[in-house]
Amino acid sequence: MNTVQAPIPDTTPLTGINADEALWYKDAVIYQVNVKSFLDSNDDGIGDFKGLTLKLEYIRDLGVNTIWLMPFYPSPLKDDGYDIADYQNVHPQFGTLDDFRTMLREAHRLGLKVVTELIINHTSDQHPWFQAARNAPAGSPQRDFYVWSDTDQKYLDTRIIFTDTETSNWTWDPVAKAYYWHRFFSHQPDLNFDNPQVIKAVLKIMNFWLDMGVDGFRLDAIPYLVEREGTNNENLRETHAVIKKLRAAIDASYKNRFLLAEANQWPEDVREYFGDGDECNMAYHFPLMPRIYMAIAQEDRYPIIEIIQQTPDIPESCQWAIFLRNHDELTLEMVTSKERDYMYTTYASDLQARINLGIRRRLAPLMENNLDRIKLMNSLLLSMPGSPILYYGDEIGMGDNFFIGDRNGVRTPMQWSPDRNAGFSRADPQRLYLPPIMDAVYGYLSTNVEAQSRDPSSLLSWTKRLLAVRKTTQAFGRGTRRFLRPGNRKILAYLREFGEDTILCVANLSRSAQPVELNLAAYKGRVPVEMLGRTAFPPIGELPYLLTISAYGFYWFRLATDAAIPSWHEQIVSVDERPVLVLFDGWMSLFRERVVPWRIGIAEKTRAQFETDTLPRH
Ligand code: BGC
C-alpha cells in the first residue's frame, strides 16, 4: 500500500474571495435525505418535494448547509431509484419538475446548497436507451449505448458487488440475443463509455440540472465506467479520462459547483479520483468509516490512525467526504477478512442484519442506543478531516428494521412526532411506502423530532449544539491534522490547525474513565478552552498536560492565546476554604472576649443562627 505523503500541487490554484466561494464544499456539512422518506404532503403514503420543501427550515436549523438528495427520477424503483428510466424528470410519486424547482429555490433562499445524484454507470432496463439498444441491430449506434457480448465468459476478473442477489455480471437478453454487462442488479445494464455518444448524452443531463441551479453531483458507482479485458475493471485510466471530461465541461460553463466521487476503494485508489485537482472535488473516505466503529469496539485508536496514515495527501482544492451511516449497508468491502469477521461478530451477531458484504443497521442500534457512544461517534465525524455527512434520522437516534428486506430497514419514514405514521404522512398506515419504526426503544412514540425539540438534553438538541460549535472555526473543514501519541491507546487525540486556530480533539474510546497525558510542549502558555461549555482550563505548562475523560467522553479545546487563565488556578486557597470569622455581637464584638477567631466554615451553625449572630446589633 502506498504511504507516500508528498503534497500534490494543484494545476489550477485558486486564490482570493472567489476561490473561497468555489471551495464552499470544504466547509460543508451535508444532510442526506431521501425525498420519499421525509414528509408526505399529499397523503399518498410517499414523501414528496412539497413535503421536503416544508421541512427545509428544520434542516437549516439543524446547522447543516448542504442537502444531498437520493435519486428522485422516473424509475421502476427496483433499486430505490438508482435504476433510472428518465434522467431529466421527477418521478410522479415525488411531484413535478416545478416542485423540484420550488424546493431548490427555497433551499437556496435559506442558504442551503443542493447536491443530486448523477447515476451514469448504469440505467434501468426500462430506460428508452436500453429498450432501443436491445431492439436495434448488433453494431448499430443504439445497440452500442450498452456493453454486449456473445458470451458470459468475458471480464472474468471482475468481482460481483451484490453478492446476495447476483451470480454473474452478465445477463442474457432474449430480445437482443446477447449478454449485457451490469456491475449491480441484472435490471441495471451498464452504459458503454467507449461510445462518445454516451458521454455526449451524459453531458446533456448534467447541463440540464446545473442550468436549473443544482450545486453539485454525487457520482454514483463511478469506478466502473469502462471495461478492459485482463483487468478487474475498476479505476481504469479510461474511466478517469471520462471523469476529467465531465469536470472540464462543468468548469467551462459553471461556477462553484462540485463533483463527489462514490468510489468504494482503498485510499490510494480513491486518491486518483481527485486527479491533479481536475477530476472530482470530493470523494468519500470509505475505509475510514468501518475503522471508526472498530476503534470504539476495540477501545483502541490504532485502526483510525493506521488508515489515516495510509491516506495520501490530496490536492489543495479537494476534500474528503466522511460519514458514519448512509442508505446502504455499512460496507465492509474495504477491510481485511479478519477485520470483517470482527465487525460482523461485534455489530451484526444476528445474521439477518448482514447483507452483501456489510451490515444493514443505523447508527443508534449499532451503538446499542448508548447515548455517550452515539455522541462520541458524532464528535469524531464532525472533527476528523473532511466534510461530514449526516444521514437523516440519525440526529434523533432513529432505529432500523432489518426484517423488511434489502436495505429498506434503514430507509423508513422520518419520525417527526408521536402522531399517526410518525407525523410523516396522514395516509392509511397500510399505504405507507414502508412501515415506520415502531418498537419500544426506537419507535416513533418515543423517538421523534417533536419530543426531542422540547428537550434540551436530547440527542437532537445536542447535535445542533455540536454543529453550531463546529461552525465557529474553519479548522475542522480545512485545517491540517496531526495525531498526538499519548501512552494510553484508548485515547485518540489530534490537532486541527487552520490560520490562527488550533483545535485539540481528545476522545476516550473506552467504556471506562481514562486519564491521559498529552505532550503539548509546543503550545506552552496557551489556555485550552473547552468549546462546548467555553470553559477555560489551566494553561499548558512544562509538564505533559493531564486530562481525565469519562467513559466515551470527548473534548474539543481551542488552544487559545488570548483567553484568561481561570482565576481559581492562581489562588493558593480557594474562596470557600478561607477561614470564616464569626462575630457573635456585631463587628464591635471583634474587640470583646467572646470572639471565636478563625472558626472554619459555617456548617457547624444553622443558617438562622449564623444570620442572627452576624447581623450588627445596635
Ligand atoms: C448506491 C446504492 C445502489 C448502487 C447501484 C450505489 O452506489 O449507493 O444504493 O444500489 O449504487 O446503483
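Residue positions are given per chain, counting from 1 as you read along its sequence in written order. Reporting in this predicted model follows two pLDDT cut-offs: at least 70 for local features of residues, and 80 or more for side-chain atom pairs to be given and counted; totals over whole chains, interfaces and linings ignore these cut-offs and use all residues. Water and hydrogen atoms play no part in the side-chain values, which are based on all heavy atoms of the structure.

### Overview of the overall build of the protein
Numbering goes from the N terminus for both helices and strands, where a helix is a DSSP run of H or I of at least four residues and a strand is a run of E of at least two. Counting secondary structure elements, the protein contains 19 helices and 24 strands. Taken along its principal axes, the extent of the C-alpha atoms in the protein is 120 × 60 × 50 Å. Residues classed as buried in the protein amount to 58% of the 618 residues present. A separation threshold of at least 6 residues defines the contact pool for the protein, and within that pool the share at least 24 residues apart is 68%. Only the protein chains shown count as cover for residues, and the accessible areas themselves come from Shrake-Rupley with a 1.4 Å probe. Put simply, the protein shows about 26300 Å² of open surface, and 52% of that area lies on carbon and sulfur atoms. To sort residues, take the accessible area from a 1.4 Å probe on protein chains only and compare it with the maximum for the residue type: under 20% means buried, over 50% means exposed, and anything in between is partly exposed. A contact between two residues is defined here by any heavy atoms of the two lying within 4.5 Å.

### Focus: the packing of aromatic side chains
The relative placement of two aromatic rings is captured by the distance of their centres and the angle of their planes. For Phe, Tyr and Trp, where Trp contributes only its six-membered ring, two rings pair if their centres lie within 6.5 Å, and the inter-plane angle classes them as stacked under 30 degrees, edge-to-face over 60, or tilted in between. What the rule picks out here adds up to 44 aromatic pairs. With a centroid separation of 5.0 Å and 90° between ring planes, the pair formed by F208 and W209 is classed as edge-to-face. For W209, a relative accessible area of 1% translates into the label buried. A centroid spacing of 6.0 Å and a plane angle of 70° characterise the contact between F537 and Y555, whose relative ring orientation is edge-to-face. Note that F537 is positioned in the loop between strand 20 (535–536) and strand 21 (545–549) and Y555 in strand 22 (residues 554–560), a separation of 18 residues in sequence. Assessed through its relative accessible area of 19%, Y555 is described here as buried.

### Some points on the sheet that holds strand 20
Strands pair, by our definition, only if DSSP identifies at least two bridges between them. Spatial ordering of the open sheet is given by 15-16-17-22-19-20, a layout of 6 strands whose pairing is antiparallel. Both edges of this open sheet fall to strand 15 (480–483) and strand 20, since each of them pairs with a single strand only. Sheet topology note: the strand 15/strand 16 (residues 491–498) ladder contains 4 bridges and is antiparallel. From the neighbouring strand, T480 faces strand 16, where its bridge partner is E497.

### Quick notes on the packing of helix 10 (residues 288–298) against helix 12 (residues 337–347)
For helices, the fitted axis covers only the stretch in contact; all axes are lines through C-alpha atoms, and the angles between them, taken along N-to-C directions, range from 0 to 180 degrees. Interaxial distance between helix 10 and helix 12 falls to 11 Å at its minimum, and their mutual angle equals 65°. Crossing of helix 10 over helix 12 shows left-handed handedness. Where helix 10 approaches helix 12, its residues P290, R291, Y293, M294, I296, A297 and Q298 are matched on the opposing element by E339, Y342, M343, T346 and Y347. Put simply, a crossing is left-handed when the front helix is turned counterclockwise from the back one by less than a right angle, and right-handed when it is turned clockwise.

### Here's the deal with the pairing of strand 19 (residues 527–530)
The alternating pattern of strand 19 places V527 and V529 and P528 and E530 on opposite faces, both of which are buried. Looking at chain direction, strand 19 and strand 22 are connected through 4 bridges and run antiparallel. Paired with P528 across the bridge in strand 22 is L559. Relative to strand 20, strand 19 is paired through 2 bridges, and the arrangement is antiparallel. Paired with E530 across the strands is T535, a residue of strand 20. Hairpin connection, strand 19 to strand 20: the antiparallel pair is bridged by 4 residues, and R534 has positive phi, about 55°.

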